[in-house]
Amino acid sequence: MKNNLVFLTAIISMLLLNSMYSQTPSDALTMKKNELCIAIIYQHDTWDMYWEGTKFRENQNIGTLTRKTILPMVAYGLTDKLNLIVSLPYVSTDASGGQMRGVSGLQDFSIFAKYKIYDSSEESSGLSAFVTGGFGLPASSYLSDYMPFSLGLGTQEYSIRGIVKYEHNTGIYIRGSYAYLYRTTTEAERDYYYADGSYYTTTMDVPNATTGEIALGGWLLNRSLQLEATAGNQTSLSGDDIRTQNAGQPTNKMDMTIAGFKIRYFTPVLSGLSILGGYSKILDGRNVGDSEIISAGLTYQFHVKKSSI
């Protein structure tokens, strides 16, 4: 029934690679103590070609696959150096071809703590470094072994990320980050599967992965306008390929190289309110869809209460 289906990259990994928000696990921003940032982001992700292993192909049983994500996110400044970030996406999927139906629902709840470990600001430039630790788990009982329509990988994920940023006093900056993602297992409805060998169990190992990103950007118009270009990759540390005439599954090795740009504008209408937009494209991959992702959203940042100091 699932012939020729492909495993779409888990959306949470995509979000981490394509972060476009004001406060994210992978940016180089921290809020002051008692500052709160609320964000609502919409992402529209489509593809009609994919990589089956390393073979680039189409699948008329899918046609064009569309994944829509609504991502609410909240970040809070526990101190001037330590921020807490939580997110809970709502995802829906659909395809233009074939007989299989898309699904919708809550995906994974994630929580991150980001700490500024170094900050050296001089008159002409500034260098800063951060470390982010995170944990995520499914927020609903979605079926992870329903590729490419499933909402996510259905596994627990622990992450550790290092971030370094250099910014010139002109507002131009460069930022790099690197993360290790440790994943546990997920449960399938079937009690047998093949992943470079036969497994008589409902439990599937989900490959660990690393991600890296480099960004070049700048602030204009008295720091009310931010422009940024990014490039990144994800590399699975184990896993198998999608087998010919078979569906993808959570055990697959999912690699990709992605590039994009984003824009953010702080409106004069309300202090702390910003409008976001972005576009990104997967340039190369393995066991992932050839996705184009368009994003838009709003963020609002404000003080919950004044600091005592």
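Preceding block: the structure.
This text gives an overview of the structure that appears in the document. These numbers come from a predicted model, not from an experiment.

Once that is clear, we can look at the overall build of the chain. Helix and strand counts for the chain come out as one helix and 20 strands. Relative to the 2.2 N^0.38 estimate, which gives 19 Å for 309 residues, the radius of gyration of the chain is 20 Å and therefore close to what a compact globule would have. Taking the principal axes of the C-alpha coordinates as reference, the chain spans close to 60 × 30 × 30 Å. Within the chain, buried positions represent 52% of all 309 residues. Excluding contacts between residues fewer than 6 apart, the proportion of contacts in the chain whose partners are at least 24 apart in sequence is 66%. Across the chain, the 25 positively charged side chains and the 28 negatively charged ones have centroids separated by 6 Å.

Omega for the bond connecting methionine 147 with proline 148 falls within 30 degrees of zero, at 5°, which places this linkage in the cis form. As for its placement among the helices and strands, proline 148 is situated in the loop between β9 (125-138) and β10 (157-168). Backbone geometry at asparagine 287 places phi at a positive 65°, although glycine is not the residue there. When you line up the elements, asparagine 287 lands in the loop between β19 (273-286) and β20 (292-303).

Applying the stated criterion to the full structure yields 13 salt bridges. Put simply, arginine 286 and aspartate 241 hold a salt bridge, and the shortest N to O gap is 2.9 Å. A residue pair is termed long-range when its members are at least 10 positions apart, and arginine 286 in strand β19 and aspartate 241 in the loop between β17 (225-236) and β18 (255-266) qualify at 45 residues. Classification of arginine 286 by relative accessible area gives partly exposed; the value is 25%. One salt bridge in this structure joins lysine 281 and aspartate 290, with 2.5 Å as the shortest N-O distance. Overall, the relative accessible area of 14% leaves aspartate 290 in the buried class. One connected set of salt bridges, linked through shared partners, spans Arg175, Glu213, Glu228 and Lys262.

Side-chain alternation along β10 places Glu157, Ser159, Arg161, Ile163, Lys165 and Glu167 on a buried face and Tyr158, Ile160, Gly162, Val164, Tyr166 and His168 on a face that remains uncovered. Of the strand pairs in this sheet, β9 and β10 are connected by 12 bridges, and their pairing is antiparallel. Following the sheet pairing, glycine 133 is matched in β10 by isoleucine 160. With 11 bridges joining them, β10 and strand β11 (residues 172-183) adopt antiparallel strand pairing. If you follow arginine 161 over to β11, its bridge partner there is alanine 179. With antiparallel pairing between neighbouring strands as the criterion, β10 and β11 make up a hairpin whose turn holds three residues, including glycine 171 at a positive phi of roughly 100°.

Looking now at the packing of aromatic side chains. This model, assessed by the stated rule, comprises 10 aromatic pairs. One aromatic cluster is present, formed by Phe135, Tyr158 and Tyr182 through successive ring pairs.

Let us now look at the environment of alanine 139. On the secondary structure map, alanine 139 appears in the loop between β9 and β10. Alanine 139 sits in the partly exposed class, given a relative accessible area of 35%. With 91 residues separating them in the primary sequence, alanine 139 and aspartate 48 have C-alpha atoms 28 Å apart. Apart from the residues lying within four places of it in its own chain, the contact partners of alanine 139 are Leu88, Leu106, Gln107, Asp108 and Phe109.

On to a nonpolar patch on the surface. On the surface, Tyr115, Ile117, Tyr118, Leu127, Val164, Tyr166, Ile172, Ile174, Ile214 and Leu216 cluster together into a nonpolar patch covering about 920 Å² of accessible area. Elements with a contribution of two residues or more to the nonpolar patch: β8 (108-121), β10, β11 and β16 (209-220). The dominant element in the nonpolar patch, judged by the number of residues it contributes, is β8, at three residues. On the secondary structure map, leucine 216 appears in strand β16. Judged by its relative accessible area of 52%, leucine 216 is exposed.

Calculation rules
- Residues numbered from 1 in each chain as written.
- Predicted model: local features only at pLDDT ≥ 70, side-chain atom pairs only at ≥ 80, totals over all residues.
- Heavy atoms only, no water.
- Helix = DSSP H or I, 4+ residues; strand = E, 2+ residues; numbered from the N terminus.
- Rg over C-alpha atoms; globule rule 2.2 N^0.38 Å.
- Buried < 20%, exposed > 50% of the residue type's maximum accessible area, 1.4 Å probe, protein only.
- Contact = heavy atoms within 4.5 Å.
- Lys, Arg positive; Asp, Glu negative; His and termini not counted.
- Charge placed at Lys NZ, Arg CZ, Asp CG, Glu CD.
- Salt bridge = Lys/Arg side-chain N within 4 Å of Asp/Glu carboxyl O.
- Pairing = 2+ DSSP bridges.
- Phe/Tyr/Trp six-rings, centres within 6.5 Å; stacked < 30°, edge-to-face > 60°.
- Patch = residues over 30% accessible without salt bridge, like charges linked within 9 Å, V, L, I, M, F, W, Y side chains within 5 Å.
- Areas by Shrake-Rupley, 256 points an atom, 1.4 Å probe, with all protein chains shown as cover.

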